[in-house]
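Understanding the architecture of this molecule
Spelled out, the chains give:
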Amino acid sequence: MTDQDMLLQGPGGDAVAQETLDLMRLHGVPPTSANYEVWLSYRLGRNPALREAIDASIASGETFTPQVNAALHERFFTGLGASAQIMMAGEQIARDLGQVVSFLKQTEQKSGDYGRTLESAATDLSQTLAPEQIRQVVQSLAAATLDMATHNQQLNQQLQRSSREIDTLRTSLESVRLESLTDSLTGLSNRRMFDETLRMRLEEAKAQRTELCLLLCDIDHFKRFNDTWGHHTGDQILRFLASALQAHARPDFLVARYGGEEFAVVMPRVTPRVAAQTAETLRAAIQAKRLRRRSTNEDLGQVTVSVGVARLQPGDTVQGLIERADACLYASKRNGRNQVTTDATPVLYVA
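It should be emphasised that the depicted structure is a prediction, and the values quoted were computed from it without experimental measurement. (Residues numbered from 1 in each chain as written. Predicted model: local features only at pLDDT ≥ 70, side-chain atom pairs only at ≥ 80, totals over all residues. Heavy atoms only, no water.)

Details of helix H12 (residues 318–334)
Selection rule: Here a strand is any run of E in DSSP of at least two residues, a helix any run of H or I of at least four, and the numbering for each starts at the N terminus. Working rule for helices: expected span equals 1.5 Å times residues minus one. Burial status follows relative accessibility: with a 1.4 Å probe on protein chains alone, a residue under 20% of its type maximum counts as buried, one over 50% as exposed, and anything between as partly exposed.
Counted at 1.5 Å a residue, the expected span for H12 with its 17 residues is 24 Å, and the 24 Å between its end C-alpha atoms agrees. All of the buried residues in H12 are Gly320, Leu321, Ile322, Ala325, Cys328, Leu329, Ala331, Ser332 and Lys333.

Structure below.
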């Protein structure tokens, strides 16, 4: 039982649960099990990063839409089940390897016994022996050789069996790993994968002295689509944008759902000019597309995006690069939406 479970089952458990539900109601968060898990953790203060993320959303006046709620749960809770699966698979691999090691130790012992048998037989045969004695030595050698051959065959079978099991577990672990790093709605990389990749690409760019650009984009007036057509259609729009981003990404780009209706593209070894051109091509392609509601074939009209692009600067941190790309994104929104702003665009710094 966890400390959290003990607390909730203690004298103050009912009060904590009620306070959590009151918090959710205050901020318009539906009382689903996933949302309750997020807000209970927030109420208990056990996850500083989660508390910081929710506090920032509250301070900025952000609405806790289904997309925002799903993003919070995915970012801070998805993957815990995967961790359990990884632990179990690791234990199975350890057991398989333990059996192999045990068998190898037995083989080592048998090899020693077999070597001593051969040495004894060689000593005996170097002497003058009667035919019956020679026959006994040969029988002893034959028996020892057969026993050694049988053990080697068993070892080979054990190694093959363990190898197959470990290959199966390796495939399963890779599947779990990919699932824990993938956004279930869009099929893109999720926030966790984005964070890991951006950190890795930043270190790579600094070590190799290569370019690195970050693109952030946000669907314009997405709440209006959700309010007018419903969240199912909103999901359709999110999947459309994910597909458009992937279509304009190079193989070495990472396209990720950053959170809610916001997406990110990590662009290694790309100059700011090329990054800006890519962003503009993407923006224009999305604007040119008219979407239809799948269930009724109704015209949803145009979907547009606001885009911000930032380039890695000397001494940059991951957070610094994200903040500048985010500032560019919001400059695009402030200046009319449906446009691209880069950290080289002068209008970014106009109040």
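Now that the structure has been shown, the text picks up again.
With respect to the pattern of salt bridges
To keep it simple, the criterion reads: Any Lys or Arg side-chain nitrogen found within 4 Å of a carboxyl oxygen on Asp or Glu counts as a salt bridge.
Counting across every chain of the model gives 16 salt bridges. Here Arg191 ties to Asp195 by a salt bridge, and the two come within 3.2 Å at their closest N and O atoms. Taken as a pair, Arg191 and Asp195 lie in helix H8 (residues 191–208) at a separation of four residues, close to a single helical turn. Accessibility expressed as a relative area gives 14% for Arg191, which makes it buried. On the accessibility criterion, Asp195 (31% relative accessible area) is partly exposed. For Asp252, the salt bridge identified is with Arg269, shortest N-O distance 3.4 Å. Residue Asp252 is located in the loop between helix H10 (231–247) and strand E2 (254–259), and its partner Arg269 is located in the loop between strand E3 (262–268) and helix H11 (272–288); the two are separated by 17 residues in the primary sequence. Here Arg269 falls in the partly exposed class, since its relative accessible area comes to 38%. Residues participating in the shared-partner salt-bridge network are Arg201, Glu204, Arg250, Asp252 and Arg269.

Remarks on a nonpolar patch on the surface
Keep this limit in mind: Patch criteria: residues need more than 30% relative accessible area and no salt bridge. Like-charged residues are merged within 9 Å; nonpolar side chains of Val, Leu, Ile, Met, Phe, Trp and Tyr are merged within 5 Å. Areas reported as accessible are Shrake-Rupley estimates using a 1.4 Å probe. Residue values count occlusion only from the protein chains shown.
A cluster of nonpolar side chains, contributed by Leu125, Ile134 and Val138, occupies part of the molecular surface with about 230 Å² of accessible area. With respect to the secondary-structure elements, Leu125 resides in helix H6 (residues 80–125).

Here's the deal with the nonpolar core
Spelled out, the test is: In these notes, a set of buried Ala, Val, Leu, Ile, Met, Phe, Trp, Tyr and Cys residues joined through side-chain atoms within 4.5 Å is what counts as a nonpolar core. In this analysis, two residues are considered to be in contact whenever any of their non-hydrogen atoms come within 4.5 Å of each other.
Counting 30 residues, the largest nonpolar core has Leu215, Ile219, Leu241, Leu245, Phe263, Met267 and Ile286 as the members making the most contacts within it. For this core, the leading source of residues is H10, giving seven residues. With residues up to four places along the chain from it excluded, the contact list for Met267 reads Leu212, Cys213, Leu215, Phe253, Ala275 and Val309. Ala205, Leu214, Leu321 and Ile322 belong to the second-largest nonpolar core, a separate cluster that totals 18 residues.

Here we look at the packing of helix H4 (residues 48–60) against helix H5 (residues 66–76)
The line we're drawing: To obtain an axis, a line is fitted to C-alpha atoms, over the contacting stretch when the element is a helix, and the angle between two such axes runs from 0 to 180 degrees between their N-to-C directions. These descriptions rest on fixed angle ranges, namely under 35 degrees for roughly parallel, over 145 for roughly antiparallel, 65 to 115 for roughly perpendicular, and the rest for oblique. In this scheme the handedness of a crossing depends on how the near helix is turned from the far one: anticlockwise by less than a right angle means left-handed, clockwise means right-handed. Under the scheme applied here, ten amino acids are nonpolar (Ala, Val, Leu, Ile, Met, Phe, Trp, Tyr, Cys and Pro), four are charged (Asp, Glu, Lys and Arg), and all others, including Gly, are polar.
Contact geometry for H4 and H5: axes closest at 11 Å, N-to-C directions at 160 degrees. As summarised for this structure, H4 and H5 are arranged roughly antiparallel, according to the angle between their axes. Our pair here, H4 against H5, has a crossing hand that is right-handed. For the pair H4 and H5, contact is made by Ala49, Leu50, Ala53 and Ile54 and by Leu72, Arg75 and Phe76, respectively. Looking at the contact of H4 with H5 residue by residue, the classes come out as six nonpolar, no polar and one charged.

A look at the environment of Gly308
Its place among the elements puts Gly308 in strand E6 (residues 305–311). A residue is classified by how much of its surface remains accessible, and Gly308, at 0% relative accessible area, is buried. The spacing of Gly308 and Ala327 is 19 residues in sequence and 7.3 Å in space, taken between C-alpha atoms. Ignoring anything within four residues of it in the chain, the contact list for Gly308 reads Leu214, Leu215, Leu216, Ala325, Cys328, Leu329 and Thr341.

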